[in-house]
Amino acid sequence: MLETTIAAIRPADEAAMAAARELHGRLTKPAGSLGALEELSVRLAGLAGACPPPLPEPAAVAIFAGDHGVHAQGVSPWPQEVTGQMIGNFLAGGAVVNAFARQAGASVTVVDVGVATPLPTGPIADLAGPEPAGSEPAVLDPAVPRLVVASVRRGTRDFTVTAALTRDEALAAVQTGIRIADELIDAGAGILLTGDMGIGNTTPAAALIAAFTGADPLDATGRGTGIDDPTYAHKVAVVRSALARHSPDPADPLGVLAAVGGLEHAALAGLILGAAARRTPVLLDGVIAVSAALAAAAFAPAAVGAMVAGHRSAEPGATVALRHLGLDPLIDLGLRLGEGTGALLALPVVTGAVRVLHEVATFDSAGVAEK
């Protein structure tokens, strides 16, 4: 599945991009007056191979959840049980991502790809109806969050001791992300938004960013959900020691994911690859998503054409990763929550960029004189 997905990813359509630039020049506005929105719409035309590109709707958020063996090293003050508890909150509609998704009319799919603790039982779990990945067609219902149980293993191993995952486990997680992308697009999604949940997951994200970009762990590592100075120094040391132990090769993205990644990072890389193969835009959230995007780009450089950077996370590694990918974030609000929240806030910007090409009159059609 991974090989065929990568083979389906193609570079941007230059003719469609040229047509979008030419159309922008005829619309009733000064040339270049929409700034970055114009280039975004051109990129999306190149992805779709059409001008104008399809409107990026409906939107579907995919939240991948997993736990991390490195949590045992004290890199987060939050107990690991919070990951499973937050899944219950997502399914009950009580998280920030749910509030923003309702505002945007986006569906929410929660994927257990590697949660260490048992998921909530009773009415919360029944609300979504747990199901194996790929067992039933996805339904894009903004009113009802959906749970997909696709656990590869109950959390990763501690990468300060051994590899976080085997190559087969990392591959299984990547392929889960590809399947979820296919399901959501088959259900009609016009854009996918990345979400994540996993206590301690900014530590493997920092390791992935340092491995793929060559950045110093100090520059790639942030404070996550909020840690004091001694814990932060320890976290940087943990990332540095893991990289020294495993020496991950950025030319081997599956090996990097296995050595120092998380199951949600691997699945998000798969989601991005799956979207790129289907020529569907994927709106990236924060540091977890952009660390996964580095892996996706290492698998298939042309996959960057499907990526839109939703926001600039307050985590420093996110800026390092975005710079490496050559992506400029649409908004910068100092967010560091994850879940897909920043991507959802950026969604109207993406939709607006495309709607301009669909709905704004040309000088000729509107009878407006050009300069």
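Before any of the text, the structure's been laid out above.
Criteria and thresholds
Residues numbered from 1 in each chain as written. Predicted model: local features only at pLDDT ≥ 70, side-chain atom pairs only at ≥ 80, totals over all residues. Heavy atoms only, no water. Helix = DSSP H or I, 4+ residues; strand = E, 2+ residues; numbered from the N terminus. Buried < 20%, exposed > 50% of the residue type's maximum accessible area, 1.4 Å probe, protein only. Contact = heavy atoms within 4.5 Å. Areas by Shrake-Rupley, 256 points an atom, 1.4 Å probe, with all protein chains shown as cover. Lys, Arg positive; Asp, Glu negative; His and termini not counted. Charge placed at Lys NZ, Arg CZ, Asp CG, Glu CD. Expected span 1.5 Å × (residues − 1). 1 Å grid on protein atoms, 1.4 Å probe; cavity = no way out; pocket = protein on both sides within 12 Å on 5 of 7 lines; lining within 4 Å. Points joined across faces, edges and corners; volume = space filled by probe spheres on them. Nonpolar A, V, L, I, M, F, W, Y, C, P; charged D, E, K, R; others polar.

Q: What should I look at first to understand the overall build of the protein in this one?
A: What the protein contains, in helices and strands, is 16 helices and six strands. Considering the protein as a whole, with its 371 residues, one finds that 56% of them fall into the buried category. Sequence-distant contacts, at least 24 apart, represent 78% of the contacts inside the protein between residues at least 6 apart. A total of about 13,800 Å² of accessible surface is found on the protein, and carbon and sulfur atoms cover 56% of it. The protein carries 23 positive and 36 negative side-chain charges, and their two centres are separated by 3 Å.

Q: I tried to follow helix 4 (residues 81-92) on my own but got confused; where do I start?
A: Owing to its 3.6 residues per turn, the α-helix brings residues three or four apart onto one side. Helix length check: helix 4, at twelve residues, gives a terminal C-alpha distance of 17 Å against a target of 16 Å (1.5 Å per residue), a fit within 8%. For helix 4, the set of buried residues is Val82, Thr83, Gly84, Met86, Ile87, Gly88, Phe90 and Leu91. Positioned one or two residues after helix 4, glycine 93 has a phi angle of 80 degrees, which is positive.

Q: Would you mind showing me how to read the layout of surface pockets here?
A: One way to see where empty space is left: roll a probe the size of a water molecule over the atoms. Its volume calculated, the largest pocket comes out at about 500 Å³. Along the walls of the largest pocket sit 29 residues, with Met197, Asn201, Thr225, Arg336 and Leu337 positioned nearest its centre. Secondary structure elements with two or more residues in the lining of the largest pocket: helix 4, strand 4 (191-197), helix 8 (202-213) and helix 13 (287-299). Each residue belonging to the lining of the largest pocket can be placed in one class, and the counts come to ten nonpolar, twelve polar and seven charged. Roughly 200 Å³ of internal volume is contained in the second largest pocket. Those elements that provide at least two residues to the lining of the second largest pocket are helix 3 (36-48) and strand 6 (307-309). Sorting elements by how many residues they give to the lining of the second largest pocket places helix 3 first, with four residues.

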